[in-house]
Amino acid sequence: MKNSHSKKLTGIISLFIFALSAMLTGCGEEEQAQGPMPKIAVKAMKVLKQDVPIKYEFPGQLKGTQEVEVHSRLSGSVMEKYVQGGDMVSAGDRLYRIDSRQYETAILEAEANLHKAEADLRNAREDLERDEMLFKSKAVSEQTVTNKRAEVAANVATVESYQAALRKAKENLDDTIVYAPMSGQLSLDDVAVGTYATAGTTKLVTIGSLNPIYVQFSVSESEYLNIITKAIEKDEFDKEQDPPDIKIILSNGKTYPFEGRIIAADRSMNDNSNSINIRASIPNEYGVLMPGMFARVRLLDTVEKDVMIVPQRAVQQLLDENFVLVVGKDGKSQSKKVTLGEKVGSYYIVKKGLNSDDTVIVEGLTNLRSGAEIDVTTVTADEMGFSLQDSSEIVDKS
């Protein structure tokens with residue numbers, strides 16, 4: 001029995017060894033049939049290092065350089081209009097005439113009062129002159145002369161009062177004509193003839209100056225600090241230095257051909273938006289720009305000196321980190337973590353993570369992983385269509 005059991009065990013082991021040998025032989029034959037894994041075809045280009053213009057852009061709104069509401073100094077009905085809404089006017093042009101009848105009457109009354117006061121003053125002076133002669137001959141008392149002198153002084157004051165009243169009445173009559181306080185264009189919401197205007201309250205029309213015109217925009221705290229920090233790092237920060245010029249992009253996507261300049265900035269951050277308001281002046285000789293229009297404001301002449309840039313398509317993101325795949329010295333792909341700066345056209349500025357002699361992979365990244373065998377075709381930026389110029393899409397940096 002013992003020999004029979006040993007023979008069975010020996011047969012099972014032999015069968016297992018045979019099956020394992022056949023399987024290993026089959027695997028070897030399969031590997032020989034497939035051959036080594038093929039290399040992944042990619043396109044790559046050298047990291048670029050150069051000066052790069054940075055275009056800071058912010059949403060803004062156009063405003064008139066001066067805008068004044070015109071009010072009448074007097075109350076009364078509008079009797080006549082010398083202009084129409086939308087007209088261009090010069091400072092001193094007549095705009096409206098307020099009902100003048102009560103002010104003409106006031107002049108007549110003031111003149112009458114003045115004439116009477118002047119007559120009373122003449123009589124008082126004659127009486128004083130006569131009493132002073134009588135006083136010399138002891139015909140009247142000293143008290144009488146004193147009273148006459150006081151009466152003359154009172155009449156002088158009355159005359160002066162009515163003279164002032166007459167001047168005021170004449171000024172009021174002059175003020176029935178409303179003049180343009182400045183040169184500019186009238187708004188369309190001017191009042192109609194017959195409207196009752198309350199002095200200092202009723203808006204008759206608005207005048208605004210359109211050349212030059214303001215564009216007002218806001219810069220966020222972080223963007224403001226970035227600009228200042230870069231200037232300090234480059235040793236270019238100078239509070240006396242002129243701020244950068246600006247251009248505006250209108251709502252139809254067209255760039256306005258004339259440049260403007262920054263003329264003022266708030267002294268503190270806006271509490272609600274945590275941003276600072278900035279105002280720039282821009283020429284508007286042909287009247288194309290109108291208050292209320294929206295525009296994109298672009299700061300000019302801001303340049304990053306001697307920085308490394310890589311195409312945007314070369315950058316891969318994983319969670320909150322950015323990576324690029326480069327061509328390793330062993331001919332395999334190699335992953336490098338990078339810190340990115342501004343986006344410029346087709347590129348990102350790379351602040352940290354790459355060397356100027358690195359070659360980054362820009363095409364063939366879909367299934368590529370670090371350490372893969374790669375077949376590299378070297379390309380140029382022109383061949384790939386990369387550019388530092390912005391696309392038609394404007395990125396809001398505020």
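Here the structure is a predicted model, which is why all the values come from computation and not from measurement. (Residues numbered from 1 in each chain as written. Predicted model: local features only at pLDDT ≥ 70, side-chain atom pairs only at ≥ 80, totals over all residues. Heavy atoms only, no water.)

### Quick word on the overall build of the protein chain
When helices and strands are tallied, the protein chain shows five helices and 21 strands. Within the protein chain, buried positions represent 33% of all 398 residues. For the protein chain, contacts bridging at least 24 residues in sequence account for 77% of all contacts bridging at least 6. Accessible area for the protein chain stands at about 25100 Å²; split by element, carbon and sulfur atoms hold 50% of it. (Helix = DSSP H or I, 4+ residues; strand = E, 2+ residues; numbered from the N terminus. Buried < 20%, exposed > 50% of the residue type's maximum accessible area, 1.4 Å probe, protein only. Contact = heavy atoms within 4.5 Å. Areas by Shrake-Rupley, 256 points an atom, 1.4 Å probe, with all protein chains shown as cover.)

### Examining a nonpolar patch on the surface
Residues Phe258, Tyr286 and Val288 make up a contiguous nonpolar surface patch of roughly 330 Å² in combined accessible area. Secondary-structure assignment places tyrosine 286 in the loop between β13 (275-282) and β14 (294-299). (Patch = residues over 30% accessible without salt bridge, like charges linked within 9 Å, V, L, I, M, F, W, Y side chains within 5 Å. Salt bridge = Lys/Arg side-chain N within 4 Å of Asp/Glu carboxyl O.)

### Some words on the pattern of salt bridges
Taken as a whole, this structure holds 15 salt bridges when the rule is applied. In this structure, lysine 203 engages aspartate 189 in a salt bridge whose closest nitrogen and oxygen atoms are separated by 3.0 Å. On the criterion of sequence distance, the pair formed by lysine 203 in strand β10 (residues 203-220) and aspartate 189 in the loop between β8 (184-186) and β9 (196-197) is long-range, its members being 14 residues apart. Accessibility expressed as a relative area gives 28% for lysine 203, which makes it partly exposed. Under the relative-accessibility criterion, aspartate 189 is labelled partly exposed at 43%. Connected through salt bridges with shared partners, the residues Asp127, Arg130, Lys148 and Glu151 form a single ionic network.

### What to know about the packing of aromatic side chains
Inspection of the entire model under this criterion finds three aromatic pairs. Between the aromatic rings of phenylalanine 58 and phenylalanine 217, the centroid separation amounts to 5.9 Å while the plane-to-plane angle is 20°, which identifies the pairing as stacked. Remark: phenylalanine 217 occurs in strand β10 and phenylalanine 58 occurs in strand β3 (residues 56-71); sequence separation between them is 159 residues. Phenylalanine 217 matches phenylalanine 58 in its accessibility class, with the two residues each being buried. Arranged with centres 5.6 Å apart and planes meeting at 65°, the rings of tyrosine 256 and phenylalanine 258 form a pair that is edge-to-face. Overall, the relative accessible area of 5% leaves tyrosine 256 in the buried class. Its relative accessible area of 35% is what places phenylalanine 258 among the partly exposed residues. Directly above the ring of tyrosine 82 sits arginine 94, whose terminal nitrogen or CZ lies 4.1 Å from the centroid. The cationic tip of lysine 138 hangs over the ring face of phenylalanine 135; the distance from NZ or CZ to the ring centre is 5.8 Å. (Phe/Tyr/Trp six-rings, centres within 6.5 Å; stacked < 30°, edge-to-face > 60°. Lys NZ or Arg CZ within 6 Å of the ring centre and 35° of its normal.)

### As for the nonpolar core
Among the nonpolar cores identified, the biggest contains 46 residues, and Phe217, Ile246, Ile248, Leu289, Leu354, Val360 and Val362 are the most heavily contacted of them. Excluding anything up to four places from it in sequence, leucine 354 contacts Val47, Met308, Val310, Val324, Val326, Lys336, Val338 and Val360. (Core = buried A, V, L, I, M, F, W, Y, C linked by side-chain atoms within 4.5 Å.)

### Focus: the pairing of strand β11 (residues 245-250)
Where β11 lies against strand β12 (residues 260-265), two bridges are found, and the strand directions are antiparallel. The partner of aspartate 245 across the bridge, within β12, is arginine 261. Both β11 and β14 contribute to a ladder of five bridges, which runs antiparallel. Among the inter-strand pairings, isoleucine 248 is bridged to a residue of β14, identified as valine 297. (Pairing = 2+ DSSP bridges.)

### With respect to the sheet that holds strand β4 (residues 76-81)
Read from one edge of the open sheet, four strands run β7-β6-β4-β9, paired in antiparallel fashion. Only two strands of the sheet have a single partner each, and these edge strands are β7 (177-179) and β9. In this structure, β4 lies alongside β9, joined through two bridges in antiparallel fashion. For serine 77, the partnering residue across the bridge sits in β9 and is tyrosine 196.

### Some points on helix α3 (residues 142-174)
A rise of 1.5 Å per residue sets the reference length of α3, with its 33 residues, at 48 Å; its end C-alpha atoms lie 48 Å apart and thus fit the reference within 8%. Of all the positions in α3, only Val145, Lys148, Val152, Asn155, Val159, Leu166, Ala169 and Asn172 are classed as buried. In this structure, the buried residues of α3 make contact with α2 (101-136). (Expected span 1.5 Å × (residues − 1).)

### Examining the confidence of the model for the protein chain
Scored by pLDDT, the protein chain has a mean of 81; 82% of the residues are at 70 or more. When mean pLDDT is taken per element in the protein chain, strand β6 (residues 94-98) scores highest with 94 and helix α1 (residues 2-34) scores lowest with 50. Below pLDDT 50 for its whole length, residues 27-31 participates in zero contacts with residues either more than four positions away or in separate chains. Segment residues 391-398: pLDDT under 50, and 19 contacts once partners within four positions in sequence are set aside and those in other chains are kept. (pLDDT = per-residue confidence, 0-100.)

### Topic: α2
Over its 36 residues, α2 runs 53 Å from end to end, which matches the ideal 52 Å to within 8%, given 1.5 Å per residue. Just downstream of α2, lysine 138 is the residue with a positive phi angle, here 65°.

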